[in-house]
Amino acid sequence: MRKIRCDYRCLLLIAAIVAFFYIQMRLFATQSEYADRLAVALESENHCTSQSRLLIDQISIHQSNIVSLQEQNRRQAEECRQLKALLDDLERKGVRKVVDKAQVPVAAVVIMACNRADYLQRTIESILKYQSSVASKYPLFVSQDGSDPNVRSKAMSYDQLMYIQHLDSEPVQTERPGELIAYYKIARHYKWAMDQLFYKHNFSRVIILEDDMEIAPDFFDYFEAAAALLEKDKSIMAVSSWNDNGQKQFVNDPYELYRSDFFPGLGWMLTKSIWDELSPKWPKAYWDDWLRLKENHKGRQFIRPEVCRTYNFGEHGSSLGQFFQQYLQPIKLNNVKVDWKAKDLSYLTKDNYTKHFANIVRKAKPVHGTDAVLKAYNIEGDVRIQYRDQPDFEWIAHQFGIFEEWKDGIPRTSFKGVVVFRYHTTRRIFLVGPDSLRQLGIEDA
């Protein structure tokens, strides 16, 4: 029994010794593992510390660069401010050079240009041919959209005009896919130029031309006479030198002027009071069609000549030569020096014109039937042909070869729905709308 107890104790001792060594080995292994982890942690900490110091150094360098750039921007802004002040001073001196203090201008004349230096030269030469003798009444400006160097140098080569430049870096966002950006940039340019001339230079009227136009000998006399009409009759929104149906075969009388419900454009004059109304709501694009909307012209009308006082030679441009061969190239530019000062234009005022025009329409011989065009050709005097609606008008207009287009329910060149043009002789053709006779007060239909 005693021997068994001794063996049991020995076994316990051996087991304790083995357990002790096992525990020591585990402790050693654990300590080694933690030591390795600690070494890795210390190494990571050292790496992070190194990276942090590197980032701090880089941030310090960037901060120094930012400070340097801010200082550079401040200097550039100051230089720009000084340059703008210099340009403004030069512009004021330039305006004083082309504006005679002793003569109140009838209107500033601005040529809207972009990137066609050869066209611009032709336009300037045409204007100076007739403007030189009346330069004090019509200060001449060229407004360039963009920075084409050839256009700028061409404009600045003329001492007789003032050059202004529209620089617009704002990106253009078209409202519909496939639209030409050019129409948006043109609208921006027009607004900027008009704001400059009306608000910065304080002109009371402005005549707008484009860089692909030639003018007639009586261009300036015509607009001087029309300026008096604009001041007297607020139902006239603008005066144009253009007739959309001014092709050689459709015109005859250089003395004849008309009122129209359709904005003609292409060489036109407006007043500061009209621009005060239009400028705040000027459209992003297609400004001319926008002016043809009833909500914008609000029942006011436009003066236009029978024979054009401007000729558009711009086959290549933003409209990509649209309609040029058919409608623009055959335009007749007036070559008669009309004495507009001696002309009584009171028949064009709102109170007189409807009666004046109605008397002419009333005397025209009514022609009916599907062969109305042929009948009209064989009649010596004035003829009137009634159309039922827009498609009917377009069909008749196509037979004659005049503009078929309508905008907002109004045919081009029309007054009270009546479109008038000559037809190969002095005879006038009146295309009369379904409600035109009533509006004109003509009882016999």
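Please refer to the structure placed before this passage.
Keep in mind that this is a model prediction, so the values were computed, not measured. (Residues numbered from 1 in each chain as written. Predicted model: local features only at pLDDT ≥ 70, side-chain atom pairs only at ≥ 80, totals over all residues. Heavy atoms only, no water.)

## Thoughts on the overall build of the protein
Summing up its helical and strand segments, the protein has 13 helices and 16 strands in all. In the protein, of all internal contacts separated by at least 6 residues, the share reaching a separation of at least 24 is 73%. Surface exposure of the protein reaches about 24300 Å², of which carbon and sulfur atoms provide 54%. (Helix = DSSP H or I, 4+ residues; strand = E, 2+ residues; numbered from the N terminus. Contact = heavy atoms within 4.5 Å. Areas by Shrake-Rupley, 256 points an atom, 1.4 Å probe, with all protein chains shown as cover.)

## Considerations on the nonpolar core
Within soluble globular proteins, side chains that are nonpolar tend to cluster in buried spots. Formed by 66 residues in total, the largest nonpolar core has its most connected members in Val-142, Phe-357 and Phe-430. With nine residues, helix α5 (residues 219-232) is the single largest residue contributor to this core. If near-sequence neighbours (up to four positions away) are discounted, Val-142 is found in contact with Ile-111, Ala-113, Leu-120, Ile-124, Ala-155, Leu-161, Met-162, Tyr-163 and Ile-164. Counting residues in hydrophobic clusters, the runner-up holds 27 residues, among them Ala-193, Phe-203, Ile-274 and Trp-282. (Core = buried A, V, L, I, M, F, W, Y, C linked by side-chain atoms within 4.5 Å. Buried < 20%, exposed > 50% of the residue type's maximum accessible area, 1.4 Å probe, protein only.)

## Considerations on the packing of aromatic side chains
Here a ring pair, both rings aromatic, is described through the centre-centre distance and the interplanar angle of the planes. For the structure shown, the criterion picks out 30 aromatic pairs. Between Tyr-222 and Phe-223, the ring centres sit 5.1 Å apart and the planes meet at 70°, which makes this aromatic pair edge-to-face. Aromatic side chains Tyr-353 and Phe-415 sit 4.9 Å apart centroid to centroid with 85° between the ring planes, which places their arrangement in the edge-to-face category. With Tyr-353 in helix α10 (residues 350-363) and Phe-415 in the loop between β14 (410-411) and β15 (419-422), this pair connects stretches of sequence that are 62 residues apart. Just as Tyr-353 is buried, Phe-415 falls in that class too. Through a chain of ring-to-ring contacts, the aromatic side chains of Tyr-190, Phe-198, Phe-263, Trp-268, Trp-275, Trp-282, Trp-287, Trp-290 and Phe-302 assemble into a single cluster. It is Arg-122 that lies over the ring of Phe-313; its NZ or CZ is 3.8 Å from the centre. A cation over an aromatic ring shows up here: Arg-412 above the ring of Phe-403, its NZ or CZ 4.6 Å from the ring centre. (Phe/Tyr/Trp six-rings, centres within 6.5 Å; stacked < 30°, edge-to-face > 60°. Lys NZ or Arg CZ within 6 Å of the ring centre and 35° of its normal.)

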